[in-house]
Amino acid sequence: MATDNRINFWRRNPKVPGSMQPVYGAQHPPLDPRLRRTFPKDTPKPKLNNLRSKKPSSFHEFARSTNDAWDIDDEEDEDFLGAPVHPSSLPSGLHSSSTHHQQQHQAGDTERRMPERLAPPRPEGHDLQEVLHEETECEQINGRLVKSSSEAQLNTSSVRSTLQKQKSLPFRPIIPLVARISDQNASGAPPMTVREKSRLDKFKQLLTSPSTDLEELRKHSWSGIPREVRPITWRLLSGYLPANMERRELVLKRKREEYFGFIEQYYHSRTDENYRDTYRQIHIDIPRTNPLIPLFQQPAVQEVFERILFIWAIRHPASGYVQGINDLVTPFFVVFLSEFVQEDVENFDVAALPLDTQRNIEADSFWCMSKLLDGIQDNYTFAQPGIQNKVKALEELVSRIDEDIHGHFKKYEVEYLQFAFRWMNNLLMRELPLRCTIRLWDTYQAEAEGFSHFHLYVCAAFLIEWRKEILSMVDFQGLLMLLQNLPTIHWGNEEVGLLLAEAYRLKYMFADAPNHYKR
């Protein structure tokens, strides 16, 4: 039966592996406990009449029926709290009063959904008393609103439990998705310490030397690059800029002019029959790129991305444009933009920058993305053999380093391709916040084959990170939902640093010992 379900899943899913669909992940954050109300275990759950009685026959149907399962909305909590309770679950004396109260609830629904920020502030000490006092005067009898004492007691327990739960939730600072990209860790530590100041001075010393020692620069970049020098460091480590300082300005000028020469030569052909489908797919995918970050929803930024991706696609006919490449532009764009922006990058209006600055950011993003893709282009050629090989290597590696996880996947017939394809296709960008991706790419740029080889060990370490959660899932659907919605929204430098350290350990043990893959 499990095998039939798996076959039906692939038959009913018209898209091939790697196709981009609206998914939840680090950039589509799931449940945030600080924004929602939860209920104690001893609170009786209301019986909802609209529960699905039919079990989905495939994961495809299950995904379609739960596509809004993680939506964060204040009204959703209100609806849940106000959900009708079946009369059989209430004491007999409360049947009539509860029915009458539901009618009153519907009649006054508009007034009760007034935004909380419009209400006058109340002293904390009187919150519970005033709420209960107002709730006791809500049932209408002979034209007056009164509420029975039984219902008042029910509301007392629900309000008190809600307030207690809110107070018991641990507080954790909110970290912007983009702003202060790597200057904050998950604990909200100050952005600059004495050690970081010393590292910054070392970077400046290397970068201002007549000929930058790239090997030394890679050593210092492995553990993270300071925000102030990240743009120039990325240009150097990607091979876009020469190590010789005197040649840098000339190279930058020539490469930027060359890129805009491509724009003048090729961009008008986007409406031609040969390239129309390519441009249409790019045009569709751009709005899906980081939809939660306002920066990437600006028309000027989306036009930049369209030009970059279209020019790259027609200059690389062996692969052309493949869904997922659009994500790979964003880290370069944000890093080069941060060179000119001191405030929050995620809300910055790019149109406010001088036109020449905008053009320079666009050209630099194009060339650095091209350098990256040159090393992993087999990921995007026909049938994407590079990704297929990496997923297979990941399966073999995990089978050696954690037999429990590997056996768990086999038991519930979870294929690595079903979740790891996206990890390879998007370089974990859909699994991590953008600030973490940028920190991760600091190390990838410092590694000799960071994007093509070291990424495999990062994916293995990333999978083992969720060992406890994976082994706690005992069905196919739960495992796949977990692996596609890993809770990394609060990750920062500390978590990425630990992930990279574990990946380095795995590489040290297995990279030069291929027989370790085999039993």
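The following paragraphs examine the structure supplied in this document.

**What about the overall build of the protein?**
Thought 1: Each helix and strand counted, the protein has 23 helices and 2 strands in total.
Thought 2: Going through the 519 residues of the protein one by one, you find that 44% of them count as buried.
Thought 3: In the protein, the share of contacts with a sequence separation of at least 24, taken over all contacts with a separation of at least 6, comes to 75%.
Thought 4: When the accessible surface of the protein is summed, it comes to about 28,100 Å², and 52% of that surface belongs to carbon and sulfur atoms.

**Comments concerning the nonpolar core**
Thought 1: Counting residues in each nonpolar core, the largest one holds 112 residues, and the members touching the most others are Leu295, Phe333, Leu337, Phe409, Trp441 and Leu463.
Thought 2: The residues contacting Trp441, other than those within four sequence positions of it, are Trp234, Leu328, Pro331, Phe332, Leu372, Leu427, Met429 and Phe451.

**Details of the packing of helix α19 (residues 434-446) against helix α23 (residues 493-510)**
Thought 1: Running from amino to carboxyl end, α19 crosses α23 at an angle of 35 degrees, the nearest separation of the two axes being 10 Å. Where α19 crosses over α23, the two elements pack in a sense that is right-handed. Across from Cys436, Arg439, Leu440 and Thr443 in α19, the residues of α23 making contact are Asn493, Val496 and Leu500.
Thought 2: Partitioned by chemical class, the residues of the contact of α19 with α23 number 4 nonpolar, 2 polar and 1 charged.

**Brief notes about the packing of helix α20 (residues 450-465) against α23**
Axes are the key here: two packed helices are described by the angle between their axes and the distance separating the axes.
Thought 1: Close contact between α20 and α23 brings their axes to 8 Å; oriented N to C, the two are set at 115 degrees. In the crossing of α20 with α23, the sense of the turn from one axis to the other is right-handed. Taken together, the residues of α23 that come into contact with α20 (itself represented by His453, Phe454, Tyr457, Val458, Ala460, Ala461 and Phe462) are Leu499, Leu500, Glu502, Ala503, Tyr504, Leu506, Lys507 and Phe510.
Thought 2: In terms of residue class, the contact of α20 with α23 is built from 12 nonpolar, 1 polar and 2 charged.

**A closer look at α23**
Because an α-helix completes one turn every 3.6 residues, residues spaced three or four positions apart along the sequence face the same direction.
Thought 1: Between its terminal C-alpha atoms α23 stretches 25 Å, which fits the 26 Å expected from 18 residues at 1.5 Å a residue.
Thought 2: Residues of α23 that are buried include every one of Glu495, Val496, Leu499, Leu500, Ala503, Leu506 and Phe510, and no others. Taken around the axis of α23, the buried residues stretch over an arc of 130 degrees, which confines them to a single face. Pointing more than 90 degrees away from the buried face of α23 are the exposed residues Leu498 and Tyr508.
Thought 3: Turning to α23, the residues buried within the fold contact α16 (385-401), α19 and α20.

**What to know about a nonpolar patch on the surface**
Thought 1: On the surface, Tyr504, Tyr508 and Met509 cluster together into a nonpolar patch covering about 370 Å² of accessible area.
Thought 2: In this fold, Tyr508 is placed in helix α23.

**Overview of the environment of Ile405**
Thought 1: The topology assignment puts Ile405 in helix α17 (residues 403-411).
Thought 2: Among the residues examined, Ile405 registers a relative accessible area of 0% and is labelled buried.
Thought 3: In the structure, Ile405 is positioned 59 residues away from Ile464 in sequence and 8.0 Å away in space, judged by C-alpha atoms.
Thought 4: When neighbours within four sequence positions are excluded, Ile405 is seen to be in contact with Val398, Leu463, Ile464, Arg467, Ile470 and Leu471.

**Concerning the packing of aromatic side chains**
We describe a pair of aromatic rings using the distance from one ring centre to the other and the angle between the two ring planes.
Thought 1: Tallied over the entire structure, the rule returns 28 aromatic pairs.
Thought 2: Seen in terms of ring centroids, Phe462 and Trp466 are 6.2 Å apart; in terms of plane orientation they differ by 85 degrees. Their pairing is edge-to-face.
Thought 3: Phe462 gets classed as buried once you look at its relative accessible area, which sits at 0%.
Thought 4: Using a relative accessible area of 7% as the deciding quantity, one classes Trp466 as buried.
Thought 5: Every member of this aromatic cluster is reached through a ring pair, and the members are Trp222, Trp234, Phe332, Phe336, Trp441, Tyr444, Phe451, Phe454 and Tyr504.
Thought 6: Between the NZ or CZ atom of Arg270 and the centre of the ring of Tyr279, over which it lies, the distance is 5.8 Å.
Thought 7: Here the basic side chain of Arg359 rests over the ring of Phe260, its NZ or CZ set 3.8 Å away from the ring centre.

**Considering unusual backbone geometry**
Thought 1: Phi angles above zero are rare outside glycine, and Asn290 is one such case at about 50 degrees.
Thought 2: Here Asn290 shows up in the loop between α12 (276-285) and α13 (299-315).
Thought 3: Assessed through its relative accessible area of 1%, Asn290 is described here as buried.
Thought 4: With a phi close to 65 degrees, Leu428 is a non-glycine residue in the positive phi region.
Thought 5: Topologically, Leu428 is positioned in the loop between α18 (417-425) and α19.
Thought 6: Classification of Leu428 by relative accessible area gives buried; the value is 0%.

**Comments concerning the pattern of salt bridges**
Thought 1: According to the stated counting rule, one finds 15 salt bridges in the structure shown.
Thought 2: Taken together, the shared-partner salt bridges connect Arg235, Arg256, Glu339 and Asp364 into one network.

**Remarks on α20**
Thought 1: If you look at α20, its biggest bend is around 30 degrees, right at Leu456.
Thought 2: In terms of residue burial, α20 counts as a mostly covered element, since 12 of its 16 residues are buried.
Thought 3: Gly450, Phe451, Phe454, His455, Leu456, Tyr457, Val458, Cys459, Ala460, Ala461, Phe462 and Leu463 are the residues of α20 that are buried.

**Notes on the side chain of Ser269**
Thought 1: Tracing the sequence through the fold places Ser269 in the loop between α11 (245-266) and α12.
Thought 2: Dropping the residues within four chain positions of it, Ser269 is found in contact with Tyr275 and Phe310.

**As for the environment of His408**
Thought 1: With respect to the helices and strands, the residue His408 is situated in helix α17.
Thought 2: Take His408: its relative accessible area is 10%, and that puts it in the buried class.
Thought 3: Between the C-alpha atom of His408 and that of Leu479, which follows or precedes it by 71 residues, the distance is 9.7 Å.
Thought 4: Look past the residues within four positions of His408 in its chain and what remains in contact with it is Ile470, Leu471, Met473 and Leu479.

Quick notes on the rules
- Residues numbered from 1 in each chain as written.
- Predicted model: local features only at pLDDT ≥ 70, side-chain atom pairs only at ≥ 80, totals over all residues.
- Heavy atoms only, no water.
- Helix = DSSP H or I, 4+ residues; strand = E, 2+ residues; numbered from the N terminus.
- Buried < 20%, exposed > 50% of the residue type's maximum accessible area, 1.4 Å probe, protein only.
- Contact = heavy atoms within 4.5 Å.
- Areas by Shrake-Rupley, 256 points an atom, 1.4 Å probe, with all protein chains shown as cover.
- Core = buried A, V, L, I, M, F, W, Y, C linked by side-chain atoms within 4.5 Å.
- Axes fitted to C-alpha atoms, helices over the stretch in contact; angles between N-to-C directions.
- Left-handed = near helix turned anticlockwise from the far one by under 90°.
- Nonpolar A, V, L, I, M, F, W, Y, C, P; charged D, E, K, R; others polar.
- Expected span 1.5 Å × (residues − 1).
- Arc of directions from axis to C-beta.
- Patch = residues over 30% accessible without salt bridge, like charges linked within 9 Å, V, L, I, M, F, W, Y side chains within 5 Å.
- Salt bridge = Lys/Arg side-chain N within 4 Å of Asp/Glu carboxyl O.
- Phe/Tyr/Trp six-rings, centres within 6.5 Å; stacked < 30°, edge-to-face > 60°.
- Lys NZ or Arg CZ within 6 Å of the ring centre and 35° of its normal.
- Bend = angle between axes of the 7 residues up to and from the residue.

Geometric values such as these leave the question of function open.
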